Amino acid sequence: MASIFSKIIAGEIPSFKVAEDENNFAFLDINPIARGHVLAVPKREVDYLFDVDDRGLSSLILFSRRVAKAIERVVPCKRVGIAVIGLEVPHAHIHLIPLHGVYDIDFSRPKLKLSPEEFKETAQKIAAQFSLTAL
Ligand code: AMP
């Protein structure tokens, strides 16, 4: 059965999309620990990140860099942190999280409650910056 992320990538489930390239897709985490918390996901469904092949992993990290640069331009932060957990959704993904301090990447913190309008506005702004950052 396709993962929830494959269904998002296929457009069968809605998401607040921020970026896409040939091999990868990025959208806002629906239970964010910070504003601008994005998930970068390879389109090819593999459960564990470290089982993704060399080309796929290289492509994902380069795509994540481009997304992170777009996030930096939209959400004030010292830098964008990355985390890999993968305990909930068995489809490899990288969390991209704007950071002011280490506390911003604490997944045990209560999740932010954002309105659909806030999600939409943030996604649109990051998407606009992403489209300006072709490498
Ligand atoms: P983990 O697999 O432990 O890295 O966690 C999966 C992440 O995916 C969590 O932060 C969830 O909030 C997020 N997530 C799960 N379903 C969705 C969805 N439909 N749209 C956006 N984010 C999701």
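Coordinates for the structure precede this section.
Below is a summary of the structure that appears in this document.

Basis of the calculations
Residues numbered from 1 in each chain as written. Predicted model: local features only at pLDDT ≥ 70, side-chain atom pairs only at ≥ 80, totals over all residues. Heavy atoms only, no water. Pairing = 2+ DSSP bridges. Helix = DSSP H or I, 4+ residues; strand = E, 2+ residues; numbered from the N terminus. Axes fitted to C-alpha atoms, helices over the stretch in contact; angles between N-to-C directions. Contact = heavy atoms within 4.5 Å. Near = heavy atom within 4 Å. Polar contact = N/O pair within 3.5 Å; in protein donor to acceptor, adjacent residues only side chain to side chain. Areas by Shrake-Rupley, 256 points an atom, 1.4 Å probe, with all protein chains shown as cover. Nonpolar A, V, L, I, M, F, W, Y, C, P; charged D, E, K, R; others polar.

What follows is about the sheet that holds strand E4 (residues 79–83). In any sheet, the strands associate via hydrogen bonds between backbone groups, in a parallel or an antiparallel arrangement. Spatially, five strands are ordered E1-E2-E3-E5-E4 in an open sheet, and the strand pairing comes out antiparallel. Since the sheet does not close on itself, it has two edges, and those belong to strand E1 (17–20) and E4, each with one partner. If you compare each strand with its neighbour and ignore which way they point, the axes differ by 25 degrees on average. Seen against the sheet, helix H2 (residues 54–74) touches E1, strand E2 (24–28), strand E3 (38–42), E4 and strand E5 (94–99) and runs at an angle of roughly 25 degrees to E5. Along the sheet, helix H3 (residues 116–131) contacts E1, E2 and E3; its crossing angle with E1, the most-contacted strand, is approximately 25 degrees.

Taken together, 16 residues surround the ligand, and among them Asp29, Gly86, Val89, His93 and His95 come closest. At 3.2 Å, a backbone N or O of Ile30 approaches a nitrogen atom of the ligand. The separation between an oxygen atom of the ligand and a polar side-chain atom of His95 is 2.8 Å. For the ligand, whose unbound accessible area comes to 500 Å², protein coverage reaches 89%. Elements that contribute at least two residues to the shell around the ligand include exactly helix H1 (4–9) and E2. Sort the elements by how many residues they give to the shell around the ligand and H1 lands first, with three residues. Among the residues making up the shell around the ligand, the classes are represented as ten nonpolar, four polar and two charged.

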